[in-house]
Structures are given as structure tokens and as C-alpha cells.
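This is what each chain is made of:
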Amino acid sequence: MLNYNKDLIARAKALRKNMTPWEVKLWTCFLRNYPVRFQRQKVIDNYIADFYCAKARLVVELDGGEHYTEMQQAHDESRTSVLQSYNLKVIRFCNTDIDNNFYEVCSAIDREVQNTLSKK
């Protein structure tokens, strides 16, 4: 069972209604109809994961330009450590990957899900 901060639920709902263009593309063109269920803006611990697949124990994060500052990278590393402490795998993609390499992003997500499920 994942712990979660109930105070973040309203924020997660708001983020679902106001997804970034890259999140919208990944959700509508791939994850929404993926055969294994993904959730958007899932609260885990004190964080909100962009996309979460419980069955594969996978978190997918999309990073914009703000994620490349030293301070944000340190925050992302801390966040990843917390998520990994729940035995979750975290994979990250740049927004530019969604724009320029969408098929490869989808293939990488699919590989991670299939690898995890084949081990069960």
C-alpha cells in the first residue's frame, strides 16, 4: 500500500484538469488506451506523479526545462529516492522527447511495463 498526503488530492485533481500539452499528448495518444491501467497525477507520499501504473509499479515523469536547474535536479533526485523506497521504478522523459521521439517514448514505457509483468 502506498502512503499519500491527503492534502495533495485537490491539487492532483486540478493538475489533471490542467495538464501540460506534453502530458495531454502522452495520455490521449498512448496511456489512456494502454492495455495496462495508468493513472494521471497520482498522489504518492508527498508527491504527485505525472503517470502511475500500479500493476507494473512504474512512475512516468515528464520534465520541462525547469527540471534542468541544479536545485530542481536535487529535488527530482530526492523525489525519485522516496518513490523508489516504495519499490517503484521511475522513468523520466523530456518534453522535447514527446515532441520529437514520441514513438520511442511509448516503446520505452511499453518495454518497462512488459519487463515488469513478465517477472511476475
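Up top is the structure.
By convention here, each chain's residues receive numbers from 1 onward along its written sequence. Reporting in this predicted model follows two pLDDT cut-offs: at least 70 for local features of residues, and 80 or more for side-chain atom pairs to be given and counted; totals over whole chains, interfaces and linings ignore these cut-offs and use all residues. The side-chain quantities take in all heavy atoms of the structure and omit both hydrogens and water.

Details of the sheet that holds strand β3 (residues 58-63)
Two strands pair under a simple rule: DSSP has to find at least two bridges between them. The numbering of helices and of strands both runs from the N terminus, where a helix is a DSSP run of H or I of at least 4 residues and a strand a run of E of at least 2. Strand order in this open sheet of four strands is β1-β2-β3-β4, and the pairing throughout is mixed. Each edge of the open sheet is held by one strand with a lone partner, namely β1 (39-44) and β4 (89-94). Looking at each pair of strands side by side, their axes are set apart by 45 degrees on average, direction ignored. Simply put, an axis is a line fit to the C-alpha atoms, just over the touching stretch for a helix, and the angle between two N-to-C directions goes from 0 to 180 degrees.

Here's the deal with the pairing of strand β2 (residues 47-53)
Exposed residues in this analysis have more than 50% of their type's maximum accessible area, buried residues have under 20%, and partly exposed residues fall in between, with area computed by a 1.4 Å probe over protein chains only. For β2, the buried fraction is high: seven of the seven residues fall into the buried class. Where β1 and β2 come together, five bridges link them in antiparallel fashion. Opposite Arg40, over in β2, you have Phe51 as the bridge partner. In this structure, the hairpin formed by β1 and β2 is closed by a connection of two residues, where Asp45 is found at a positive phi of approximately 60 degrees. Note that β2 and β3 share three bridges and pair antiparallel. Note on β3: the bridge partner recorded for Cys53 is Leu58.

Regarding the nonpolar core
Leu26, Phe38, Leu58, Val60 and Ile109 are the most contacted members of the largest nonpolar core, which has 23 residues in total. Mapped onto this core, the elements with two or more residues apiece are α2 (21-29), β2, β3, β4 and α5 (102-118). Among the elements that make up this core, the one with the highest residue count is α5 (six residues). Whether two residues touch is decided by their heavy atoms; if any such pair falls within 4.5 Å, the residues are in contact. Setting aside chain neighbours within four positions, we find Val60 in contact with Leu26, Phe38, Asp50, Phe51, Ile91, Phe93 and Ile109. Residues belong to one nonpolar core when they are buried, are Ala, Val, Leu, Ile, Met, Phe, Trp, Tyr or Cys, and are joined through side-chain atoms within 4.5 Å. In this structure, Ile44, Leu83, Tyr86 and Val90 belong to the second largest nonpolar core, which totals nine residues.

Some words on the side chain of Glu23
Checked against the element boundaries, Glu23 lands in helix α2. As a buried residue without a salt bridge, Glu23 has its nearest oppositely charged side chain in Arg79, at a separation of 8.3 Å. In this structure the side chain of Glu23 is engaged in a polar contact, spanning 3.3 Å, whose partner is the side chain of Gln41. Setting aside its immediate chain neighbours within four residues, Glu23 contacts Gln41, Asp50, Phe51 and Leu62. Under the counting rule used here, the positive set is Lys and Arg, the negative set is Asp and Glu, and His together with the chain ends is not counted. Salt bridges are counted wherever a side-chain nitrogen of Lys or Arg sits within 4 Å of a carboxyl oxygen of Asp or Glu. Definition of a polar contact: a pair of N or O atoms within 3.5 Å, with one able to donate and the other able to accept a hydrogen when the atoms are protein atoms, and with sequence-neighbouring residues admitted only if both atoms are side-chain atoms.

Thoughts on the side chain of Arg79
Secondary-structure assignment places Arg79 in helix α3 (residues 70-84). On the accessibility criterion, Arg79 (10% relative accessible area) is buried. For Arg79, the residues in contact, after removing those within four places along its chain, are Tyr47, Ile48, Ala49, Asp50, Glu61 and Arg92.

Here we look at the pattern of salt bridges
Where charged atoms from two side chains of opposite charge come close, those side chains can pair. As enumerated under the stated definition, the model contains four salt bridges in all. When the shortest N-O distance is used, the salt bridge between Arg79 and Glu61 registers 3.0 Å. You can see Arg79 sitting in helix α3 and its partner Glu61 sitting in strand β3, a full 18 residues away along the chain. Like Arg79, the residue Glu61 is buried in the burial classification. Note that Asp76 and Arg92 form a salt bridge whose closest N and O atoms lie 3.9 Å from each other. One end of the pair, Asp76, is in helix α3; the other, Arg92, is in strand β4, with 16 residues separating them in the sequence. Judged by relative accessible area, Asp76 falls into the buried class, the value being 7%. Sharing partners across several salt bridges, the network here consists of Asp63, Asp76 and Arg92.

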